[in-house]
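# Inside the fold
Chain by chain, the residues:
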Amino acid sequence: MGKDLTKVRNTIFICTGGSCKKQAAEDSVRELRCALKMAGLHENTHTIKTLCMGQCENAPVMFVDNNNTWYKKMTKDTIEDLVSMKLEVGKTLESNEFYKKGWKEMQPAKIITPKTRSELQWQDDAVLGRVNSIRIYPWEFNTYPLLKECFTQRWEGLSLFTKKHGAIEGKCHVEYSEGKAFIHCPSKDISIEIVMKAVRESEEFPHKISEIKLFHTEDEKQFGLHFSNLKEGVVLQAHWEKSNGLWEHLINNYARISS
Ligand code: FES
């Protein structure tokens, strides 16, 4: 049976994603649960292991909900110090805090300089002529929302063209499964597979989206997105004739990177 949540006063989220695991996060979990049990805090403290919390530079990372506090470098040696505070509101392990609700600045273990976004550049395109374009980073968490937004919400005025199936009309459905997006197109009764995640040694790697280009033509009458992979070049094209704010939105939301 699961823990009786009516008795829980604190919940501790412990990251066991890749970077935290490398810093022995599993040992920290074991040590934390042991220390809570020994301190009689087991009943009223719920511990939850998570995947990456997006704070890898602070690994191993923990978040304690009652103090609204994020902790860095929570190795097994620091666990006892944390538990000795009895996890009471207001009592906290200050040396390991890196953010707490209300702070104006974080205090990470490592300062990572944010990458700036790529810039617009004029280029010659064999089909479209001179275009002003910007690179969108083809990471999985950028590519999937981009596909979903473009093909399920911004489809009015959209011309969609795929290397394999040619022109496609109408609204599509986009779904995610195991590192791939599937664009289902009812008008043609087809499903287009877009590989977003593939390990370098795998057969799928050459099919992984390696570049996403957002562009507008010199006369500014057309703008769009081109998705390419290493094997086939541009596999998917999305073109619009009117922006209605979409161009700015795509640049701000997808071409900018924060870390
Ligand atoms: S793996 Fe723990 S914060 Fe990223």
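Summarised in this report is the structure supplied together with it. (Residues numbered from 1 in each chain as written. Predicted model: local features only at pLDDT ≥ 70, side-chain atom pairs only at ≥ 80, totals over all residues. Heavy atoms only, no water.)

## Let's talk about the packing of helix α2 (residues 25-38) against helix α3 (residues 76-84)
Where we set the bar: Orientation is described by axes fitted as lines to C-alpha atoms, over the contacting stretch for helices, and by angles from 0 to 180 degrees between their N-to-C directions. Numbering of helices and strands starts at the N terminus; helices are DSSP runs of H or I of at least 4 residues and strands are runs of E of at least 2. Under this scheme an angle from 65 to 115 degrees is roughly perpendicular, one under 35 degrees roughly parallel, and one over 145 degrees roughly antiparallel; angles in between are oblique. Left-handed describes a crossing whose near helix is turned anticlockwise from the far helix through less than a right angle; right-handed describes the clockwise counterpart. Whether two residues are in contact is decided by their heavy atoms: any pair within 4.5 Å suffices.
α3 packs onto α2 with a crossing angle of 30 degrees between their chain directions and a minimal axis gap of 9 Å. Between α2 and α3, the interaxial angle falls into the category roughly parallel. Our pair here, α2 against α3, has a crossing hand that is right-handed. Judged by residue contacts, D27, S28, E31, L32, A35 and L36 of α2 engage K76, I79 and V83 from α3.

## Topic: the environment of I136
Threshold: Exposed residues in this analysis have more than 50% of their type's maximum accessible area, buried residues have under 20%, and partly exposed residues fall in between, with area computed by a 1.4 Å probe over protein chains only.
By the secondary structure assignment, I136 is in strand β7 (residues 129-136). For I136, a relative accessible area of 0% gives the class buried. Spatially, the C-alpha atoms of I136 and L214 are 6.9 Å apart, while their sequence positions differ by 78 residues. Beyond its immediate chain neighbours, meaning those up to four positions away, I136 contacts N142, L146, I212, L214, L225, L250, Y254 and A255.

## Some details on the pairing of strand β10 (residues 173-177)
Counted only if it meets this: Here a strand pair is declared whenever DSSP counts at least two bridges between the two strands.
Across 5 bridges, the pairing between β10 and strand β11 (residues 180-185) is antiparallel. Pairing of E175 across the sheet is with F182, part of β11. Linking two consecutive strands that pair antiparallel, namely β10 and β11, is a turn of 2 residues; a positive phi of about 45 degrees is found at E178 within it.

## Re the sheet that holds strand β4 (residues 69-71)
Spatial ordering of the open sheet is given by β2-β1-β3-β4-β5, a layout of 5 strands whose pairing is mixed. Strand pairing shows two members of the sheet lacking a second neighbour, β2 (45-50) and β5 (97-100), which therefore form its edges. Across the sheet, the mean angle separating the axes of adjacent strands is 20 degrees when strand polarity is ignored. Bridging between strand β1 (residues 10-15) and β2 involves 6 bridges; their strand directions are parallel. The residue bridging I12 from the neighbouring strand is T47, located in β2.

## Thoughts on the packing of aromatic side chains
Rules: In this analysis, rings of Phe, Tyr and Trp, with Trp reduced to its six-membered ring, are considered paired at centre separations within 6.5 Å, and the interplanar angle assigns stacked below 30 degrees, edge-to-face beyond 60, and tilted for intermediate values.
A full pass over the atoms with the stated rule returns 9 aromatic pairs. With a centroid separation of 5.2 Å and 25 degrees between ring planes, the pair formed by Y137 and W139 is classed as stacked. Residue W139 is classed as partly exposed on the basis of its relative accessible area, which comes to 31%. On the numbers, 5.4 Å between centres and 20 degrees between planes, the contact of F223 with W240 is stacked. Here F223, found in strand β14 (residues 223-229), pairs with W240, found in strand β15 (residues 233-240); they are 17 residues apart in sequence, far enough to count as distant. In this structure, F223 and W240 share a single accessibility class: buried.

## Quick notes on helix α4 (residues 140-153)
Definition in use: Any helix carries an expected span of 1.5 Å times its number of residues minus one.
Along its 14 residues, α4 runs 19 Å from first to last C-alpha, staying within 8% of the 20 Å computed at 1.5 Å per residue. Those residues of α4 lying buried are N142, T143, Y144, L146, L147, E149, C150, F151 and T152.

## What to know about a negative patch on the surface
Defined as follows: Note that patches include only residues with greater than 30% relative accessible area and no salt bridge, and the join distances are 9 Å for like charges and 5 Å for nonpolar side chains (Val, Leu, Ile, Met, Phe, Trp, Tyr). Surface exposure here means Shrake-Rupley accessible area, sampled with a 1.4 Å probe, where a residue is shielded only by the protein chains that are shown. What makes a salt bridge here is a side-chain nitrogen of Lys or Arg within 4 Å of a carboxyl oxygen of Asp or Glu, nothing more. Asp and Glu count as negative and Lys and Arg as positive, but His and the ends of the chain are not part of the count. In plain terms, the charge of a residue is placed at NZ if it is Lys, CZ if Arg, CG if Asp and CD if Glu.
On the surface, D27, E31, D77, E80 and D81 cluster together into a negatively charged patch. Among the secondary structure elements, those contributing two or more residues to the negative patch are α2 and α3. With 3 residues, the top contributor of residues to the negative patch is α3. With respect to the helices and strands, D81 occurs in helix α3. Taking the relative accessible area as the measure of exposure, D81 reaches 39% and is therefore partly exposed.

## A few points about the environment of T50
Position of T50 relative to the elements: it lies in strand β2. Looking at T50, the relative accessible area reads 18%, which means it is buried. Put simply, T50 and K110 are 60 residues apart on the chain and 21 Å apart in space, counted from C-alpha to C-alpha. With residues near it in sequence (within four places) discarded, T50 still touches F13, I14, C15, T16 and G17.

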